[in-house]
Amino acid sequence: MLPTTNLDSLSDHQVIARILSGETSLFELLIKRNNASLYRVGRSYGFNHQDAEDLMQETYIHAYLNLSKFENRASFKTWAVKIMLNQCHHKAAKFSFSKEKANEFTGSENITPMYASNSGTDKIIINRELKNILENAILQIPVDYRMVFSLREMNGLSTAETANALDISQSNVKVRLNRAKALLRKQIEHVYTADEVFEYHLTYCDGMANRVMNIIKRMN
């Protein structure tokens, strides 16, 4: 585990420069900074938790091995997201994932009564149910719209960064985002923050960092 003193203030570009200079342990910083975003990409693509983590691991190893090829014209986050998207695409194609019904929606279609209570334990239960409904609603829309929604609204990428990651035009990003929002139920569109959807808990975050760093140590 890396000591955090003075490291959190380093930019991604500074971290990368030091990794390329031999401080390979600093790659752990990049992992922890991007775990949540890559996890949301994998889950938004339709993969379950375990598959998403496997794809994240492959993404980080690929990024580490090709770190010298990283160009500062884009952010490391955008570059990593693009690698993750490629990993998702290849896995989906290999296993004909698009023909499978991942994370089938099993909740009630009638969600109106869930807004009736605003107190105590009832509110906590309702929020959890609505969160699940939102996640499942996202998984029901076509993947082209879903990934734009994920990158823009859940991962905070700009229109230009999203276009770069998906290899589409910025105008296409805007059109797909509007379409994605239209497909989601209006009453749940603004219920949760991006951080709460497909949340990647801290325990998972540390575990992912340890998984990747152990592989990197064996490679060096």
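Draft legend 1. Local environment of the overall build of the protein chain. Within the protein chain, the secondary structure is distributed over nine helices and zero strands. Counting from the amino terminus, the protein chain carries its helices and strands in the arrangement α-α-α-α-α-α-α-α-α. Relative to its full complement of 220 residues, the protein chain shows a buried share of 42%. Taking the intrachain contacts of the protein chain between residues at least 6 apart in sequence as the baseline, contacts between residues at least 24 apart amount to 74%.

Draft legend 2. Focus on the packing of helix H1 (residues 12-20) against helix H2 (residues 27-45). It is the contact of H1 with H2, at a shortest axis distance of 9 Å, that shows an interaxial angle of 145°. Between H1 and H2, the contacting residues are Asp12, Val15, Ile16 and Ile19 on the first element and Phe27, Leu29, Leu30 and Arg33 on the second. Looking at the contact of H1 with H2 residue by residue, the classes come out as six nonpolar, no polar and two charged.

Draft legend 3. Representation of the packing of helix H7 (residues 159-166) against helix H8 (residues 170-183) in the model. Here H7 crosses H8 at 100°, and the two axes come no closer than 8 Å. With respect to their mutual orientation, H7 and H8 come out roughly perpendicular. The segment H7 lies against H8, with Thr159, Ala160, Thr162 and Ala163 engaging Gln170, Val173 and Lys174. Looking at the contact of H7 with H8 residue by residue, the classes come out as three nonpolar, three polar and one charged.

Draft legend 4. Local environment of the pattern of salt bridges. For the structure shown, the criterion picks out eight salt bridges. Aspartate 54 serves as the salt-bridge partner of arginine 211, at 3.1 Å between the closest nitrogen and oxygen. One end of the pair, arginine 211, is in helix H9 (residues 202-219); the other, aspartate 54, is in helix H3 (residues 49-65), with 157 residues separating them in the sequence. Overall, the relative accessible area of 26% leaves arginine 211 in the partly exposed class.

Draft legend 5. Examining the side chain of glutamate 53 more closely. Note that glutamate 53 resides in helix H3. Residue glutamate 53 is classed as buried on the basis of its relative accessible area of 9%. Those residues in contact with glutamate 53 that sit more than four places away from it in its chain are Tyr200, Tyr204, Met208 and Arg211.

Draft legend 6. Main features of the environment of asparagine 220. By secondary structure assignment, the location of asparagine 220 is in the segment after H9. Distance from asparagine 220 to threonine 24, taken between C-alpha atoms, is 9.0 Å for residues 196 residues apart in sequence. The residues contacting asparagine 220, other than those within four sequence positions of it, are Thr24 and Tyr64.

Draft legend 7. Structural view of H7. What H7 keeps buried is the set Thr159, Thr162, Ala163 and Ala165. Taken down its axis, H7 places every buried residue within 165° of arc, on the same side. Those residues of H7 hidden inside the fold are in contact with helix H4 (76-94), helix H6 (143-154) and H8.

Draft legend 8. Local environment of H3. Here H3 contains 17 residues, and its C-alpha end-to-end distance of 25 Å stays within 8% of the 24 Å for a straight helix at 1.5 Å per residue. Among all positions in H3, only Ala52, Glu53, Leu55, Met56, Thr59, Tyr60, Ile61, Ala63 and Tyr64 are buried. N-capping of H3 is provided by asparagine 48, with a side-chain oxygen placed 3.2 Å from the backbone N of glutamine 50.

Draft legend 9. Broad picture of the environment of lysine 32. Summarising the element assignment, lysine 32 is placed in helix H2. For lysine 32, a relative accessible area of 29% corresponds to the partly exposed category.

The rules we used
- Residues numbered from 1 in each chain as written.
- Predicted model: local features only at pLDDT ≥ 70, side-chain atom pairs only at ≥ 80, totals over all residues.
- Heavy atoms only, no water.
- Helix = DSSP H or I, 4+ residues; strand = E, 2+ residues; numbered from the N terminus.
- Buried < 20%, exposed > 50% of the residue type's maximum accessible area, 1.4 Å probe, protein only.
- Contact = heavy atoms within 4.5 Å.
- Axes fitted to C-alpha atoms, helices over the stretch in contact; angles between N-to-C directions.
- Nonpolar A, V, L, I, M, F, W, Y, C, P; charged D, E, K, R; others polar.
- Parallel < 35°, antiparallel > 145°, perpendicular 65-115°, else oblique.
- Salt bridge = Lys/Arg side-chain N within 4 Å of Asp/Glu carboxyl O.
- Arc of directions from axis to C-beta.
- Expected span 1.5 Å × (residues − 1).
- Polar contact = N/O pair within 3.5 Å; in protein donor to acceptor, adjacent residues only side chain to side chain.

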